Amino acid sequence: MSHPSLHQLGVAELAAKLAAREISSTDITRHLLARAQAHEDLGAYLALNEEAALAQAQAADARLAAGERSPLLGVPLAHKDIFVTRDLPTTAGSRMLEGYRSPFDATVVAKLAQAGMVNLGKLNCDEFAMGSGNDNSAYAPAHNPWDRSRIPGGSSGGSAAAVAARLVPAATGTDTGGSIRQPASLTGITGIKPTYGRCSRYGMVAFASSLDQAGPMARSALDCALLLSAMAGPDLDRDSTSLDHPAEDYASELIAETSRKSSADGQESLKNLRIGLPKEFFGDGCAPGVQAAVRAALAEFEKLGATLVDISLPRTELSIPVYYIIAPAEASSNLSRFDGVKFGHRAAQYTDLADMYKKSRAEGFGPEVQKRIMIGTYVLSHGYYDAYYLKAQQIRRLIAQDFQQAFTQCDVIAGPVSPTVAWKIGEKSDDPVANYLADIYTLSTSLAGLPGMSIPAGFGEHGMPVGLQLIGNYFKEAQLLGVAHQFQLATDWHTRAPQEFSA
Amino acid sequence: MSLTPQDITRIANLARLELDAPHAERMLQQLNGFFDIVEQMNAVDTTGVEPLAHPTAVMERVALRLRDDVASEPNQREANQQSAPAVERGLFLVPKVIE
C-alpha cells in the first residue's frame, strides 16, 4: 500500500490519524521500512527488524481497534544504537560489539514500547557516542540530508539524519557533551537533552556516566514533548543516578497553547520571558551566517514579547578542557568492561590473558575511542589524579554555579549550538583538537547537568541549517519546550525539509 | 608539560591497549596536542572548591540509594552468555591464568 506523503507527518499528526483510524500503524510501519531501505545510502540506519516492527504495529492496531487511545500508540520511531534492544543487535557504532545481542531492553526502549510506539530499527552513531560528526562510526558515515557530502553532526548523527530525511518521525538520542543538540542543529530538527538523571541510563551503553543523558529528536517541540513525557521519570532500582521526581506531561500545555494561539493571533505570548544571551556565545569564533540566523531568531522572540538580557558565563572556554578530562576519565573506566571475555570482540591470536586483553581492545576500539581511553587512563593514574580529574571536577562546580548566577537575571539562556554549519565529511578528522573546540557552546550545559535544546532557526553558510540553543534551569524542560513551541507557532523553520526529501 | 614515548607505553599498558610503534607515535602527538589546551585549567584558583561529581547536586541533595541485597533478577545465564566469545558448559572460557 502506498501513501506518498505519510512520511511527511510528525508524531502528533500521525497519532491523530491513527486515533481517528484514518491510517493503520501497519501501513505507516511498512511505508517507513520501505523508505528506510530506499535511502540506505544515507547511512542513517545500522539495523532494521521488519518482522519485529510489524508485530508491534499489529499489536498497536489491535489496541486501537479495541478503542484504546494514548498519545503515542502506533507511532513508529527508531533508537540510537547506543540503547540496548532484545529484538535488534546493539553495536554502539563499534566493531567491539559487532554481533552483540542484549538479553534485555533499555528502560527508555521499554517505556516507549509500553507507550505503544513501534521500533523500526537502530540508528548510526559515533563509536560509543564519541564524536561530533558521526564519522567515528566503525560501520559507515551517516550523511547530512541537506548535503550528502557533509556530516549530520554527532554523536546522534543517524538519529538526526533519519528524522531530517523523513525516514522516521522521531528518534531517541543521547547527549554527553552535545550529542543531541549539535546534530539536531546541523540537520534542522528539534532535539532536547533533559536535566541529567531525568531519563534512565539503564541499558544505555555507558560513555561518561555523570554526563550521559537520553532525549528525543523530532521535527517539532510538540513531538519532542510527547516522547519525553513517556521517556522521563524515575528508575530507582536500576539506575543509581536516576532522579526521584515523578514523570511529567510536557505535551498537554503545548496543545492547549496551540488552540489558544489560533483564537488570539498576534498576542505577545512570551511577554514575561527574560532570555539571557551569554556574551561568550556571541564572539568572533562563531560563523557570520550562524550569528545572523541566531540573531534573527532572537528578534522573533522579541516580537513575541520576550526581553533579551546580556549575561556572562565566564568559564565557557574552560568547559572544553574540563569536559575532555572528565568524559574520557569516566569512559576509560566504563570501557574497561570490554575485555573479550563476557561479550564483545576477542582477538583470534594471543599468547596469554594480558595479551588477549590488549589485542582484543586494540582491534575492537577505533582510534578516537583509544585516544580517549588513553587520556582517561592517564588523568586517573597515580600522581595525576589531583592535578587533572579533581581539578576538572572543581572547575565543573564553578561552571555550574555560573549558570545559577545567570539564572538570577534571566529565565532561559539562548545562543548558537555550534559555531559553524555542518562541515564536509573528512574535513576535520586530521585535527582532533579542532573537533573538540567546536563543542564549546554545548559542553558547559552538559557539565552543569542542565536541560538544553536545539530548535531550527534558519540557514547559514552554504544554505545549511542553523539551530538555536535554549538552556533552562534544572527540571525546566516544560518551560523550554513551551518557549520553543511558541517560536514554532510563529515561524516555519521547523517545517522545512531538504529538497531531496521534501516530496 | 609534554608526554614522552615512555609515558605512552606506560599508559597503554595500564589501559590494556596494544599500540605498535606508528600508533604510539601518533598517540603521543595527539595527546600532547590535547594537553596543550588543558594547561589553562592551572590558572583557575580552586582552593576550597568541592569537586562536583553529580551535576544536580548543585541544586538538591543527591543521596546514593542502596537496594535490599536480595536476588531480584530471574536466571538468564543463556541469554547473558549468547554474546560471549567462548563458552563451555555455562562457563566463560579464558586463556590459562595459573600454570
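Check the entry above for the structure.
Residues numbered from 1 in each chain as written. Chains lettered and ligands numbered in written order. Predicted model: local features only at pLDDT ≥ 70, side-chain atom pairs only at ≥ 80, totals over all residues.

Trainee: How do you make sense of the interface of chain A and chain B when you look at a structure like this?
Mentor: Note on interface size: it is often stated as the accessible area lost on association of the parts. Taken together, the contact between chain A and chain B spans 59 residues of the former and 42 residues of the latter. Contributing elements (two or more residues each) for the side of chain A that touches chain B: α10 (319–334), α11 (353–364), α12 (367–380), α13 (385–406), α14 (432–437) and α15 (440–448) of chain A. Looking at side-chain class alone, the side of chain A that touches chain B contains 32 nonpolar, 15 polar and 12 charged residues. (Contact = placed C-beta atoms within 7 Å. Helix = DSSP H or I, 4+ residues; strand = E, 2+ residues; numbered from the N terminus. Nonpolar A, V, L, I, M, F, W, Y, C, P; charged D, E, K, R; others polar.)

Trainee: What exactly am I supposed to notice about the environment of Q81 of chain B here?
Mentor: Turning to its location among the elements, Q81 of chain B is positioned in helix α3 (residues 77–81). Along the chain, Q81 of chain B and R26 of chain B lie 55 residues apart, while their C-alpha atoms are 37 Å from each other.

Trainee: Looking at this model, I keep getting lost on the environment of F487 of chain A. Mind explaining?
Mentor: Residues and elements named next belong to chain A. Following the sequence through the fold, F487 ends up in helix α16 (residues 477–490). Residue class for F487 comes out buried when judged on the 24 C-beta atoms lying within 10 Å of it. Taking the C-alpha atoms as reference points, F487 and S269, 218 residues apart in sequence, are found 9.6 Å from one another. (Buried ≥ 20, exposed ≤ 12 C-beta atoms within 10 Å, placed from the backbone.)

Trainee: What exactly am I supposed to notice about unusual backbone geometry here?
Mentor: Backbone phi values are negative for most residues with the exception of glycine, while trans is the configuration of most peptide bonds. Residue and element names in this part refer to chain A. The peptide bond linking G154 to S155 adopts the cis configuration, its omega dihedral lying at 5°. Considering the arrangement of structural elements, one finds S155 in the loop between β3 (118–123) and α5 (157–164). Look at A92: it is not a glycine, yet its phi comes out positive at around 55°. Note on A92: 28 C-beta atoms within 10 Å, which makes it buried. For R166, which is not a glycine, the phi torsion comes out positive at approximately 60°. Structurally, the position occupied by R166 is in the loop between α5 and β4 (170–175). You can call R166 buried: it has 23 C-beta atoms within 10 Å.

Trainee: Where do I start with the pairing of strand β9 (residues 412–416) of chain A in this structure?
Mentor: Along any regular strand the residues' side chains alternate between the sheet's two faces. All names here are of chain A. Within β9, five of the five residues are buried, which leaves the element mostly enclosed by the surrounding structure. The pairing of β9 with strand β11 (residues 465–471) spans four bridges and is classified as antiparallel. Paired with I413 across the two strands is I471, which belongs to β11. (Pairing = 2+ DSSP bridges.)

Taken by themselves, the reported measurements are silent on function.
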